[in-house]
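Chain by chain, the residues run as shown.
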Amino acid sequence: MFGYILRRLLQAIPVFFGTTFLIYFMVFAMPGDPVVALFGQHGVNEAVAAQLRAQYHLDQPFIIQYFIYIGGIFRGDFGVSFSGQPVSEILLSTFPVTLRLATIALFLEMVLGITIGLISGLRKGKLFDSSTLVVSLILISLPIFVIAFVAQLVIGINLGWVRPTVSGTAPWNELILPGIVLATVSVAYIIRLTRESVIETRGQDFVRTAYSKGLTSGRIVRVHILRNSLIPVVTFLAVDFGVLMVGATVTEGIFNIPGVGRTLYQAIIRGEGPTVVSFVTVMVIIYLVVNLLTDLLYAALDPRIRYGK
Amino acid sequence: MSIATPTSAVTPGSGARSAITPLLEIRGLKVEFSTQRDSVTAVDGIDLTLMPGQTLAIVGESGSGKSTLAHSIINLLPGTGAITAGSILFDGQDLTTISEKELQGIRGRDIGFVPQDPMSNLNPVWSVGFQVEESVRANGVAVGRKEIRAKAIEVLRKAGLDDADARMRQFPHQFSGGMRQRVLIGMALSASPKLLIADEPTSALDVTVQRTILDYLDSLTRDSGTAVVLITHDLGLAAERAEQLVVMYRGKVVEAGPSLEILRNPLHPYTQRLVAAAPSLASRRLTAAAKGVESTLTSPVVAVPATAAAFDLAAIADRPRAGIAENTALQNNALADNAIVVDGLTKVYSIRGRGFKTVPFTAVDNVSFSIARGTTMALVGESGSGKSTVAKMLLGLEKLTSGRIEIDGADTGELSPKELFNLRRRMQPVFQDPYGSLDPLRNIENTIAEPLDTHRVGTKAERRKRVYELLDQVSLPRAIATRYPNELSGGQRQRVAVARALALKPAIVILDEAVSALDVLVQAQILQLLHELQTELSLTYLFITHDLAVVRVIADNVAVMNKGRIVEAATTSEVFENPKQEYTKRLLDAIPGANIRLGA
Amino acid sequence: MANSSNHYVAPLDETPLAEVDSVNISAQASNLWLDAWRDMRGRPMFYISGFIIILVALVALFPGWFTQVPPNNDCLLVNSNGAPITGHPLGFTKQGCDVYSRIIHGTSTSLSVGIIVTILTAGLGVLFGAFAGFYGRWLDAILSRVGDIFFAIPYILAAVVIMSVFSSYRNIIIISLAIGLFAWPSTARVLRAEILRVKNADFVMASTAIGVSRFKILMRHVLPNSIAPVIVITTLSLAAAIVAEATLSFLGVGLPTSFMSWGNDISQAQSDLRNAPQTLIYPSLALTITALSFIMMGEVIRNALDPKARARR
């Protein structure tokens, strides 16, 4: 177990430096004045530009610039936003909102995805299974912003069940609809994955042996089929987190939820390059951490990993 | 449908019980698997009877329906399989009509089940203790956490795991195959069922492990008076372990009765074929013949009409052999006549240890042997003995750590890449897995022609001609050339693999478990083919196998490997009749059927 | 015989003996691709998605076959957000342009991006996956870490950064590169895993023993036998790329508004969601149906190619 964790940590180090370097490279290896380019058609904000030049030590050689920038990240300095506010400050105020939204979405995803996927897998080829398949394929094809708009239009505006946009404090109950929207795409993936996994596990020899021991079907499903089927689903959660972050950006933007996503959304819409880069960097780092945590969860679920093969 | 009532199994010696009603009575059982279009009958009107405490073996090849029959008893049929006719009376209750809930009560408690492959039959994510306890709890053997745990430990200890207490918390992947099978047997017997169904319980295990496991199974069921239905493909094993034998062929019973009687006097032509082709029995017959014992068994088998027995394995073994083969001393003097000389061959792998350390592991340890031209040497060993690594090093698929290999007098270590490439024409392999050794996306012609293409032999037309010639040689119709591997059976694929190996007219063929995965009849057929090809093309064989029984019929010389070393090397007859090493004796003893007394 | 009363023998005619291991020449030809093709042709989903894909391709190549109304010219502000009238079945956009015509003419943009991204991801994925999986050791270590790095940046976020930086150079090629450069690692991972499985097959060993070169073994035996899941992913990535392009346009970092694309139309319609939902719904529908058809096709191919799934049926 210890060796496994250590290996994972060691593997994450080059990936951390690689990703930050890549982002840095994309932005600052551009021809012309990178700072000016970042502002796009927006017109240069000289105050921010000066601040950026200082922050990225643009008079230094490229690689030195990168390490100075990395040093800042380690101190929690992700730069300043377009309005001159430190990104870390914005993060602190917006993160709790996004966390609430993500919790709702993840909860729905896990509960609905695994339950429906399990039933579907156990009833392979039956009506429930085939209708689930059709619905999930449609959900997968729907871009999240379309789902968000339709939900806003139908439930928020036409039916008037909820406020079409979320109020400033973003209370839990107003986040339910955006949470559902955010969960839809991933829930379809989790249903499909759980279903596949359940069907595969159900055909395993050890399941037949469990029946031969005289166990009840309920116990076999809970203890043997479900537990084993969850392993690939957990590994998928890490990948899914990337989809969730992009989804949160779109959802928070459309429902006007004052979270990290909306900040990024507005920065993108307004073409505020420096803020975009800072927030993407933060998200990538969160993503890396989540991936590491998933690896640990994976080890907890699968003893073959835990004890090293 | 049969009118006769087969297997009225009255065990000799259990006269006191003979008045008791049968424990299991199957009548007219039919099992079908439905596919999208039609249905396939896997078990077609089977009758059988089993008395309490009796052991009955069901023997058949793959596809005979024997496993389906076993699974249908406790309704564990996979997928679309279903019982469509007949009855299964167990202890007076018809298992085909009772509810799933009632069946749950019978499974584990009254009928135990030991599956085939120990590697896949324990759930990898739960500890072994958890899985045993679960079984104990479900069958009401013990109540209360402490009692259940104590009972679980007892179950494991009874199954032969000495450190059961500590082992409870371990996971299946930390157990060897043999230990896992002990756990499975322990679980199946934990509730002292009246009947145990064992579906090829040891075919995935090494012979010596197989023997100990079967001995355990024997003693445990004898102690508790449990009746056993033993499913196996091995006639020798069946006869050794069961008093009653049922031979299945294409979903039907073709012959049933007392084991020894069936072996001595097989009446159905199919059984006669099986008896003639079973390597373990052939070995026994050879041994008996060699010792000059006039066996009552040999005569009727040899007298089997030619139409019934496709070939008799013992006949292959009785072929005239090259004089030099029997004389190892001469072999060593006449070095020039050796096709292969291996000297001090060693392979050390570094495997990952704890954390980041690597640990050296010696897979092959100072192995030396030589094979005279035109003869067959068998390299025998159990899994992990290093025998396949030797083959890979010979074939240049693995680098040597030290030692040298001489092929036709040339030291392979000193050859240039070009010369090595040319050397490959002299030596070709046939691998074990008939399903893995042919590229599924290339047709048979391309597969057989690949060596010719690679070595740029002849024109396109000439290559095609050669492919046809090779197909004729391995007795496959030419029409097969445009076919793909998954249209062929295992035996046919192995023929294709042999044809590919012979394409470049090599002098040496390395057969790495080449017949191990095949059914006995097909196995005998391929052995026959190999024998004919050797005579015809004066080939040198290195025959790598775990199966000593097969060795007896094909090899001139034998080298026995254990833990990377050759522990004994001699002529085949010496090894079989006068084994010097304890390990060799154990291997010989473990051949299923080795204990059957043939000359009654 | 001593015990003949217990010794049962089936009548011979009941189970006639077959020849051992005889060859069935009349059997249907069968290998992975033939079987998959046969399987696909038996599924209605194959025909439905195939029909839509062909239709979308035709619309992209020959928009003139489907509409005579110019998408950009002849836009009258009088018609702004107008309801459907004869000749304009889906109504008008805010600028008064014909919605239907814009959808028809925007098809080629979406499809081009989809195809370029797919070629890019499949190409990079196969290159990295095949070499990492087949040659292993240090090459695998390096290629896999590079893959990890690209994998760690969700491709839409990466594309957002790239498109922000290249704000003055936005075109179909740049947006395709922006999406594709970070989308390939999943293809590479899947292929690598598959190659690791296939390269240990006995037929690879047999070819090595024959003397076939490593590279030839990779191209002739290993790659063809491991490519199936890549084909499935590729079909799905076409759908994902089309959606990604629209998402980027929605975020305002997609193609310039001078390009007609579904994403741009959706993006511009969002402010009029309340009073003219049709300007948003119809391009979204076109987008979703196209994506769905590729996803359905991927599903059909996956079922047909996955021997495990087939065995389970």
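For clarity, every value in this text was computed on a predicted model and none was experimentally measured. (Residues numbered from 1 in each chain as written. Chains lettered and ligands numbered in written order. Predicted model: local features only at pLDDT ≥ 70, side-chain atom pairs only at ≥ 80, totals over all residues. Heavy atoms only, no water.)

Quick notes on the interface of chain A and chain C
It is common to give the size of an interface as the accessible area that goes away when the parts come together.
At step 1: The interface of chain A with chain C comprises 51 residues on the first partner and 45 residues on the second.
At step 2: Of the roughly 4300 Å² buried at the junction of chain A and chain C (both faces included), carbon and sulfur atoms supply 78%.
At step 3: Summed over the three residues of chain A that lose the most area to chain C, namely A:Met26, A:Phe145 and A:Phe149, the buried surface amounts to 14% of that side.
At step 4: Our count for the chain A to chain C interface comes out at two salt bridges.
At step 5: We note a salt bridge from A:Glu196 to C:Arg302, for which the minimum N-O separation is 3.7 Å.
At step 6: Between chain A and chain C we count one residue pair in polar contact (both at pLDDT 80 or more) in total. (Contact = heavy atoms within 4.5 Å. Buried area = accessible area lost by both parts, 1.4 Å probe. Salt bridge = Lys/Arg side-chain N within 4 Å of Asp/Glu carboxyl O. Polar contact = N/O pair within 3.5 Å; in protein donor to acceptor, adjacent residues only side chain to side chain.)

A closer look at the interface of chain C and chain B
At step 1: Of the residues lining the interface, 44 residues belong to chain C; the matching set on chain B comes to 61 residues.
At step 2: Across the chain C/chain B interface, buried area totals approximately 4600 Å², and carbon plus sulfur atoms make up 58% of it.
At step 3: Connecting chain C to chain B are one salt bridge.
At step 4: Residues B:Glu450 and C:Arg220 are paired through a salt bridge, measuring 2.7 Å at the closest nitrogen-oxygen approach.
At step 5: Where chain C packs against chain B, one counts 14 residue pairs in polar contact (both at pLDDT 80 or more).
At step 6: For the side of chain C that touches chain B, the elements supplying multiple residues, two or more each, are β1 (8–9), α1 (32–41), α8 (202–210) and α9 (214–226) of chain C.
At step 7: Examining the composition of the side of chain C that touches chain B, we find that eight residues originate from one element, α8(C), more than from any other.
At step 8: The residue makeup of the side of chain C that touches chain B, split by class, is 23 nonpolar, 14 polar and seven charged. (Helix = DSSP H or I, 4+ residues; strand = E, 2+ residues; numbered from the N terminus. Nonpolar A, V, L, I, M, F, W, Y, C, P; charged D, E, K, R; others polar.)

Concerning the pairing of strand β1 (residues 24–34) of chain B
Residue and element names in this part refer to chain B.
At step 1: The pairing of β1 with strand β2 (residues 39–50) spans nine bridges and is antiparallel. Looking at β2, one finds that Ile 26 is bridged to Leu 48.
At step 2: Taking the residues that link successive antiparallel strands as the turn, the β1-β2 hairpin has four residues.
At step 3: Here β1 runs beside strand β4 (residues 81–90); their pairing, made up of eight bridges, is antiparallel. Looking across to β4, one finds that Glu 32 is bridged to Ala 82. (Pairing = 2+ DSSP bridges.)

Concerning the UniProt feature "domain: ABC transmembrane type-1" (unreviewed entry) in chain A
At step 1: Mapped onto this numbering, the UniProt entry gives "domain: ABC transmembrane type-1" (unreviewed entry) at residues 95–298 of chain A.
At step 2: Along residues 95–298 of chain A one finds 82% helix and 0% strand; the C-alpha atoms at either end are 26 Å apart. (UniProt positions renumbered as here; feature names shortened; annotations may be inferred.)

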